[in-house]
Amino acid sequence: MTQKRDPCKAGSWSGKPYHSFSDYLWNIYGCRVLKIPINANLSCPNRDGTVGAAGCIFCPEDGSASPGMNGATPIPEQMETAKKNFRRTGAGTKYIAYFQAFTNTYAPPARLKRLYDLAVAQDGVIGLMVGTRPDCLPDETLDLLASYRRPGFELWLEIGMQTSHDKSLEFLRRGHANGATVDAINRVAPRGIPVCVHLILGIPGESWDDMMATARSLVDLPVRGIKFHHLHVIRGTALEEQYRTGLMRPLSQKEYVSVLCDFIERVSPDILIHRLMGDREEHTLVAPLWSLHKGTVLRSIEDEFRKRGTCQGFLYQ
Ligand code: SF4
């Protein structure tokens, strides 16, 4: 009889109770690898009227860009500035060009190729990560992305899945259903492009069971990475109005840590965890304010796993 592997005894996650993307990069490349966020000045079909005009309920005007990213600045300049602003870098530091703001596959493939080529040609870049919506992935664009596959190059497609529940996608005003995400992921995988899904925990109306159902839905999908976010309220968004009128309550830190650990216990130990929570600058964040203390929250996630004696994949079936 074959024995089930105990993921908590695998000993391959640098002592962490989850399979961290940054540790994975360190082990593969033998150096620090940092993501450089890029704003390529692209739009979004959920803002330009194609799918919707108001955007997702949680999305600020900057299309969820990192602080200081300006789409009018040439990509090489954005990347140089980001490199200078990183606090902990050394001579051997490598970079992944991360197309983050707005929808980074929402343009003709020829234009996308020019943008991606420019970014990956910069000094020290060993990878490309492209963030997008599931309904903006025509086959020609996937073929373009697949053309960047090569040994020693870190290629990722980040898809905004958020949740597996259509009622929640409607609440978030995403303008697509979960079927679009499933379809996109299943078309990406045969092209050998690793998929990271962006997920949100704490969507109003979602029960614990609903969130665990999203975790279970990943079992059937060829997903290689997850980026977790708690639902946070950013200044100037439609979600802020809901928060201020009492229609929405963000999770407390304790609730988030608990449900996040529950979720991670149910995902495959092979999946890489790219991020455990969202963060914003203080002046743009309305709630919850506990996320301003990221180091403390990350420690409490590890503490929670240790207290439980569990880890990623402990309840994976
Ligand atoms: S799809 Fe992305 S860029 Fe577009 S409105 Fe939603 S979060 Fe913002």
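Each remark here, short or long, concerns the structure printed above.
**Student:** What is the right way to look at the site of the ligand in this model?
**Tutor:** In the vicinity of the ligand, the residues found are Cys44, Arg47, Gly55, Cys56, Phe58, Cys59, Phe102, Arg133 and Arg174. For the shell around the ligand, a count of residues per class yields 5 nonpolar, 1 polar and 3 charged.

**Student:** What am I meant to see in the packing of aromatic side chains here?
**Tutor:** Each aromatic ring pair is characterised by the separation of its centres together with the angle its planes make. Scanning the model with the defined rule gives 7 aromatic pairs in all. Between Phe99 and Tyr116, the aromatic rings sit 5.2 Å apart at their centres with planes inclined by 75°, giving edge-to-face as the arrangement. In this pair, Phe99 sits in strand 2 (residues 94-99) while Tyr116 sits in helix 3 (residues 109-120), placing the two residues 17 residues apart along the sequence. The exposure class of Phe99 is buried, given its relative accessible area of 0%. With relative accessibility at 0%, the residue Tyr116 sits in the buried group. In textbook terms, an aromatic cluster arises when at least three aromatic residues are bridged by ring pairs, as seen for Phe21, Tyr24 and Trp156.

**Student:** Where do I start with the environment of Arg224 in this structure?
**Tutor:** Tracing the sequence through the fold places Arg224 in the loop between helix 7 (208-217) and strand 6 (225-230). For the pair Arg224 and Asp270, spaced 46 residues apart in sequence, the C-alpha separation works out to 7.4 Å. Discounting residues that sit within four places of it in the chain, Arg224 has contacts with Trp156, Pro194, Val195, Asp270, Ile271 and Leu272.

**Student:** Help me understand helix 2 (residues 75-85), please; the structure alone is not making it clear to me.
**Tutor:** Given 3.6 residues to a turn, an α-helix orients residues that are three or four positions apart in the same direction. Residues of helix 2 that are buried include every one of Ile75, Gln78, Met79, Ala82 and Lys83, and no others. Seen along its axis, helix 2 keeps its buried residues to an arc of 135°; they face one direction. Every exposed residue of helix 2 that faces more than 90 degrees away from the buried side is listed here: Lys84 and Asn85. On its buried face, helix 2 is in contact with strand 1 (33-38), strand 2, helix 3 and strand 3 (125-132).

**Student:** What's the story with the environment of Arg191 in this structure? I'm lost.
**Tutor:** Residue placement: Arg191 occurs in the loop between helix 6 (178-188) and strand 5 (195-201). For the pair Arg191 and Leu285, spaced 94 residues apart in sequence, the C-alpha separation works out to 38 Å. Setting aside chain neighbours within four positions, we find Arg191 in contact with Asp139, Leu142, Asp143, Ala146 and Arg149. A distance of 2.8 Å separates a polar atom in the side chain of Arg191 from the backbone oxygen of Arg187.

**Student:** Explanation requested: the packing of helix 2 against helix 3 in the structure shown.
**Tutor:** For any two helices packed against each other, the geometry comes down to the angle between their axes and how far apart the axes lie. Between helix 2 and helix 3, the shortest axis-to-axis distance is 9 Å and the interhelical angle comes to 35°. In the crossing of helix 2 with helix 3, the sense of the turn from one axis to the other is right-handed. Contacts between helix 2 and helix 3 involve Ile75, Pro76 and Met79 from the first element and Leu115, Leu118 and Ala119 from the second. Of the residues that constitute the contact of helix 2 with helix 3, the class distribution is 6 nonpolar, no polar and no charged.

**Student:** Explanation requested: the state of the cysteines in the structure shown.
**Tutor:** Joining two cysteines, a disulfide is a covalent bond between their sulfur atoms. Counting across every chain of the model gives 1 disulfide. Residue pairing for Cys8: its cysteine sulfur links by disulfide to Cys311, the two sulfurs lying 2.2 Å apart. Here the S-S torsion is close to -95°, and the disulfide linking Cys8 with Cys311 is therefore left-handed. With a gap of 303 residues between them, Cys8 in the segment before helix 1 (21-29) and Cys311 in the segment after helix 10 (294-308) connect regions that are remote in the sequence.

**Student:** Help me understand the pattern of salt bridges in this model?
**Tutor:** Two side chains carrying opposite charge are able to pair once their charged atoms lie near each other. Applying the stated rule across the entire model yields 21 salt bridges. Residue Asp279 is joined to Arg275 by a salt bridge in which the shortest nitrogen-to-oxygen separation is 3.5 Å. Classification of Arg275 by relative accessible area gives partly exposed; the value is 23%. Salt bridges sharing partners connect three or more residues here, namely Asp262, Glu265, Arg266, Glu304, Lys307 and Arg308.

**Student:** What should I look at first to understand empty space enclosed by the protein in this one?
**Tutor:** To find leftover empty space, a probe the size of one water molecule is rolled over the atoms. Overall, the coordinates contain 1 cavity of 30 Å³ or more when judged by the stated rule. Its boundaries defined by the atoms lining it, the largest cavity holds a volume of some 30 Å³. Every element with two or more residues in the lining of the largest cavity is listed here: strand 5 and helix 7. Considering every element that reaches the lining of the largest cavity, the biggest residue donor is strand 5, with 3 residues. Classifying every residue of the lining of the largest cavity by side-chain character gives 5 nonpolar, 3 polar and 1 charged.

The rules behind each value
- Residues numbered from 1 in each chain as written.
- Predicted model: local features only at pLDDT ≥ 70, side-chain atom pairs only at ≥ 80, totals over all residues.
- Heavy atoms only, no water.
- Near = heavy atom within 4 Å.
- Nonpolar A, V, L, I, M, F, W, Y, C, P; charged D, E, K, R; others polar.
- Phe/Tyr/Trp six-rings, centres within 6.5 Å; stacked < 30°, edge-to-face > 60°.
- Helix = DSSP H or I, 4+ residues; strand = E, 2+ residues; numbered from the N terminus.
- Buried < 20%, exposed > 50% of the residue type's maximum accessible area, 1.4 Å probe, protein only.
- Contact = heavy atoms within 4.5 Å.
- Arc of directions from axis to C-beta.
- Polar contact = N/O pair within 3.5 Å; in protein donor to acceptor, adjacent residues only side chain to side chain.
- Axes fitted to C-alpha atoms, helices over the stretch in contact; angles between N-to-C directions.
- Left-handed = near helix turned anticlockwise from the far one by under 90°.
- Disulfide = S-S within 2.5 Å.
- Salt bridge = Lys/Arg side-chain N within 4 Å of Asp/Glu carboxyl O.
- 1 Å grid on protein atoms, 1.4 Å probe; cavity = no way out; pocket = protein on both sides within 12 Å on 5 of 7 lines; lining within 4 Å.
- Points joined across faces, edges and corners; volume = space filled by probe spheres on them.

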